[in-house]
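Structural features, examined
Chain by chain, the residues run as shown.
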Amino acid sequence: MFRLIPPRIMTISVDQIEHFSATLISSFLVPGSLTLFNLAKTLSFLPVTLFGVSLGQASLPALSGYSNSNRLAKFQKSVIDSLLQVAFLVVPISVLFIVLRVQIVRLAFGAPTLPWPATIVTGQVLAILSVSAVFSSGIQLLVRSFYALHDTKIPLYTGIVSAVLNVAISLLFGLYYRLGIVGIALGWSAVAFFECL
């Protein structure tokens with residue numbers, strides 16, 4: 001247990017650095033950008049939290065049992081089946097979020113609260129982040145699969161590389177190409193795909 005804890009703590013720290021970097025980059029953009037990014041991120045992570053995190057946590061005991069009893073064929077089948085279940089549940093919601101992005105933003109945060117231009121930008125960010133929702137959900141399961149194998153180092157190394165890529169892509173698209181929070185969302189989506197892969 002003491003051997004597995006330090007990499008896990010460092011993985012959580014890397015995740016927090018990734019969130020901090022998005023906050024920092026957003027602070028250099030138009031006022032209100034951070035708020036709009038956080039609103040879109042909250043909506044886009046709804047299917048990830050409902051299905052990715054839930055299925056990942058629910059499958060951990062079974063995966064640990066297969067790993068401890070050295071039934072790796074069952075372990076592999078369980079991971080693949082769980083990934084397919086996550087995709088089956090998350091992909092339709094992601095498509096719905098992409099198609100109805102503006103209506104969902106209006107419904108969630110209200111028309112009087114959010115002016116129309118802010119609604120459009122939040123909808124764009126929501127659509128971009130929704131593209132990667134299935135990958136973000138898959139990450140939740142795959143990370144727990146490594147934990148079941150008593151390996152906390154691979155998720156740490158992957159998290160470090162992903163965080164560096166996220167900051168680089170967000171800086172490139174958000175500040176250099178002046179895409180604003182849309183550029184930051186592109187960074188998050190690209191990194192979710194890479195990290196899941």
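As a reminder, the structure under discussion sits directly above these lines.
Please read these numbers as outputs of a predicted model, since none were measured by experiment.

Of regular secondary structure, the protein chain possesses nine helices and zero strands. Listed N to C, the secondary structure of the protein chain is α-α-α-α-α-α-α-α-α in terms of helices and strands. Its C-alpha atoms give the protein chain a radius of gyration of 18 Å, within 12% of the compact-globule value 16 Å for 197 residues. By principal-axis analysis of the C-alpha atoms, the protein chain measures approximately 55 × 30 × 25 Å. Looking at the protein chain as a whole, 43% of its 197 residues qualify as buried. In the protein chain, the proportion of contacts linking residues at least 24 apart, taken out of those at least 6 apart, comes to 76%.

One pass over the structure, following the stated rule, counts four aromatic pairs. Taking the centre distance of 5.8 Å and the plane angle of 35 degrees together, the rings of phenylalanine 173 and tyrosine 177 count as tilted. Taking relative accessible area as the criterion, phenylalanine 173 reaches 27% and is therefore assigned partly exposed. Overall, tyrosine 177 belongs to the partly exposed group, its relative accessible area being 48%. Among the aromatic residues, ring-to-ring pairing joins Phe173, Tyr176 and Tyr177 into one connected group.

All right, on to helix 2 (residues 33–44) then. Helix length check: helix 2, at twelve residues, gives a terminal C-alpha distance of 16 Å against a target of 16 Å (1.5 Å per residue), a fit within 8%. Of the positions making up helix 2, those classed as buried are Ser33, Leu36, Phe37, Leu39, Ala40, Lys41, Leu43 and Ser44.

The full count for this structure, using the stated rule, is one salt bridge. We note a salt bridge from lysine 77 to aspartate 81, for which the minimum N-O separation is 2.8 Å. Here aspartate 81 and lysine 77 lie together in helix 4 (residues 72–99), a separation of four residues that amounts to about one turn. On the basis of relative accessible area, lysine 77 is assigned to the partly exposed category, the value being 49%.

It is worth spelling out helix 3 (residues 46–68) at this point. A rise of 1.5 Å per residue sets the reference length of helix 3, with its 23 residues, at 33 Å; its end C-alpha atoms lie 32 Å apart and thus fit the reference within 8%. Along helix 3, the sharpest kink reaches roughly 40 degrees, centred on leucine 60 and followed within four residues by the proline proline 61. For helix 3, the complete set of buried residues consists of Pro47, Val48, Gly52, Gly56, Ser59, Leu63, Tyr66 and Ser67. Lining the buried residues of helix 3 we find helix 2, helix 4 and helix 7 (133–148). Of the residues flanking the end of helix 3, it is asparagine 70, one or two places downstream, whose phi is positive at about 60 degrees.

The subject of this paragraph is the layout of surface pockets. By volume, the largest pocket amounts to about 660 Å³. Counting residues per element, the ones that place at least two in the lining of the largest pocket are helix 1 (5–27), helix 3, helix 7 and helix 9 (181–196). Top element by residues in the lining of the largest pocket is helix 1. It accounts for seven residues. The computed volume of the second largest pocket comes to approximately 220 Å³. When contributions to the lining of the second largest pocket are tallied by element, the ones reaching two or more residues are helix 4, helix 7, helix 8 (153–176) and helix 9. The element contributing the most residues to the lining of the second largest pocket is helix 7, with five residues. When grouped by side-chain class, the residues that make up the lining of the second largest pocket number eleven nonpolar, three polar and one charged.

What counts, and where the lines are drawn
Residues numbered from 1 in each chain as written. Predicted model: local features only at pLDDT ≥ 70, side-chain atom pairs only at ≥ 80, totals over all residues. Heavy atoms only, no water. Helix = DSSP H or I, 4+ residues; strand = E, 2+ residues; numbered from the N terminus. Rg over C-alpha atoms; globule rule 2.2 N^0.38 Å. Buried < 20%, exposed > 50% of the residue type's maximum accessible area, 1.4 Å probe, protein only. Contact = heavy atoms within 4.5 Å. Phe/Tyr/Trp six-rings, centres within 6.5 Å; stacked < 30°, edge-to-face > 60°. Expected span 1.5 Å × (residues − 1). Salt bridge = Lys/Arg side-chain N within 4 Å of Asp/Glu carboxyl O. Bend = angle between axes of the 7 residues up to and from the residue. 1 Å grid on protein atoms, 1.4 Å probe; cavity = no way out; pocket = protein on both sides within 12 Å on 5 of 7 lines; lining within 4 Å. Points joined across faces, edges and corners; volume = space filled by probe spheres on them. Nonpolar A, V, L, I, M, F, W, Y, C, P; charged D, E, K, R; others polar.

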